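# Remarks on the overall topology
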Number of protein chains: 2
Amino acid sequence: MATSATREKILDVAEELFAHQGSRATSLRAITSAAGVNLAAVNYHFGAKEVLIEEVISRRLVTLNGQREQRLLEVRASAVAAGRRPETAEVLMAFVEPTLLFPQSGTGAGNFITLVGRAMADPDETARRIFVRLMQPVLQLFAELLAEAQPELAPEVLYWRLNFVIGALSHTMRGIDRCPLPLEIAVAKSAPELVRLLTGFLSAGMLAAP
Amino acid sequence: MATSATREKILDVAEELFAHQGSRATSLRAITSAAGVNLAAVNYHFGAKEVLIEEVISRRLVTLNGQREQRLLEVRASAVAAGRRPETAEVLMAFVEPTLLFPQSGTGAGNFITLVGRAMADPDETARRIFVRLMQPVLQLFAELLAEAQPELAPEVLYWRLNFVIGALSHTMRGIDRCPLPLEIAVAKSAPELVRLLTGFLSAGMLAAP
DNA sequence: GTCTATAGATTGATAGAC
DNA sequence: GTCTATCAATCTATAGAC
């Protein structure tokens, strides 16, 4: 049996604590006491802390990447059907929108987006390796579609611009429930507004003359 | 006496290990054995691990932020002298160029840029708090100059675009000595090329119609 | 300033009763 | 499946000889 009330409770609490402190700084005792379960339950259900980390990441990331992939393939299909190239703006929207709207998809999903926004920058090998492996296919597809939208762009320019896109997006993900930079002009924005602001910024950057 | 061979050796090794594993995952034993000094030397020279972390960050960040501030003030001064507004592209260049060229300013400075690129996303409160405090003044100045360059931009749009800039830059900093995203088209670039690519991308994003 | 030795706390993981 | 109790390892920090 894959599901169990205790198992799910552990996953939910671990997700929240990992998002705000990192997996390395979060002890199994902190998780089990906050979840109201016994310390030994973690090892009974997951075997090791590393497996718990992997499960916390993959549980929702598989779903999110499925949404991203579907949106990207729809963009490609409708471009092919119309006999045109995909547009940079719609490719970016297909990746960014599911990501920033994901917190609305279920309780605790907001913690998950913060967690994933940190995963790529995480100095902890364990978490980063798991994350990169799960992201590789959809990132590859994302890169292909951006290349189809701008075939005139040199591959290395496209590669680094894709990195700028991922950097801006993951920073936004980390700050989605609070203002990321502590400045006087800091103003919180709703997720749909952030989608619009971010895709507008990124489209202009991608389409800039090299 | 502020300098000592042992003290500097500890700082250099800690900088490298912190950059690649994070401060939390790096034990004092790992630092002292790699540095070839005694374990107790850390507490003799710094008093506590937290102070060592602060020292590693501030040692070079004060210098880097000084360069950034000087460049930003020069941009403002030359605009005032010419009776015009600062240009978005030159403001971005004043912040980005010293950052990405900093690794050439001394041995081990490349590790520092990787470290700082991670600091803002670091889940560890200690490192992030130290970092944010040191960054606040120059970030404030950076935001002011971007606002002077584009006074028509609503403050909240400017705030979030500044976040996109910082996100893209810090991601680039993390990957300056290797390719950040594991894709087939990954190609390493020299620091001056990255400066040009990044500022071009960011200028277009900042200047996009809202 | 540098060393050995160790205190004192916390960690991930497990054994075994129920 | 859940619990108590505990092991073995690791960590930061310090005391005190040299």
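A brief report on the enclosed structure follows. (Residues numbered from 1 in each chain as written. Chains lettered and ligands numbered in written order. Predicted model: local features only at pLDDT ≥ 70, side-chain atom pairs only at ≥ 80, totals over all residues. Heavy atoms only, no water.)

## Structural notes on helix α5 (residues 88-101) of chain A
Between the first and last C-alpha of α5(A) there are 20 Å, a value that for 14 residues agrees with the 20 Å anticipated at 1.5 Å per step. Packing partners of the buried residues in α5(A) comprise α4 (49-81), α6 (109-119), α7 (125-149), α8 (155-174) and α9 (191-207) of chain A. (Helix = DSSP H or I, 4+ residues; strand = E, 2+ residues; numbered from the N terminus. Expected span 1.5 Å × (residues − 1). Contact = heavy atoms within 4.5 Å.)

## Here's the deal with the interface of chain A and chain B
In this assembly, 57 residues from chain A lie in contact with 57 residues from chain B. When the two sides are added together, the surface that chain A and chain B hide from each other amounts to roughly 5,000 Å², 72% of it contributed by carbon and sulfur. By the criterion of area lost to chain B, the three top residues of chain A are W160(A), F164(A) and F201(A), representing 17% of everything that side buries. Inspection of the chain A/chain B interface yields two salt bridges. For E156(A), the salt bridge is made with K189(B), and the minimal N-O distance between the two is 3.6 Å. Between the two partners, chain A and chain B, sit ten residue pairs in polar contact (both at pLDDT 80 or more). With 17 residues, α8(A) is the largest single contributor of residues to the side of chain A that touches chain B. Taken together, the residues that form the side of chain A that touches chain B break down as 34 nonpolar, twelve polar and eleven charged. (Buried area = accessible area lost by both parts, 1.4 Å probe. Salt bridge = Lys/Arg side-chain N within 4 Å of Asp/Glu carboxyl O. Polar contact = N/O pair within 3.5 Å; in protein donor to acceptor, adjacent residues only side chain to side chain. Nonpolar A, V, L, I, M, F, W, Y, C, P; charged D, E, K, R; others polar.)

## Let's talk about the protein's contact with DNA strand C
By nearness alone, 14 residues border DNA strand C, and L28(A), R29(A), K49(A), T6(B) and N38(B) come closest of all. Of all DNA strand C atoms lying within 4 Å of any protein atom, the proportion belonging to sugar or phosphate reaches 54%. Measuring from a phosphate oxygen of DNA strand C, one finds a side-chain N or O atom of K49(A) at 2.9 Å. Between a phosphate oxygen of DNA strand C and a side-chain N or O atom of T6(B), the distance comes to 2.9 Å. Elements represented by at least two residues in the surface near DNA strand C include exactly α2 (28-35) and α3 (40-46) of chain A together with α3 (40-46) of chain B. For the surface near DNA strand C, the element with the highest residue contribution is α3(B), accounting for three residues. Among the residues making up the surface near DNA strand C, the classes are represented as six nonpolar, six polar and two charged. (Near = heavy atom within 4 Å.)

## A look at the protein's contact with DNA strand D
Around DNA strand D, a shell composed of 16 residues is seen, among which T6(A), N38(A), L28(B), R29(B) and K49(B) lie nearest. Protein-adjacent atoms of DNA strand D, using a 4 Å cutoff, are sugar or phosphate at a proportion of 54%. In the model, a phosphate oxygen of DNA strand D is placed 2.8 Å from a nitrogen or oxygen of the T6(A) side chain. One of the backbone N or O atoms of K49(B) is found 2.8 Å from a phosphate oxygen in DNA strand D. Mapped onto the surface near DNA strand D, the elements with two or more residues apiece are α3 of chain A together with α2 (28-35) and α3 of chain B. Take the surface near DNA strand D: its biggest share by element is three residues, from α3(A). Grouping the constituent residues of the surface near DNA strand D by class yields six nonpolar, seven polar and three charged.

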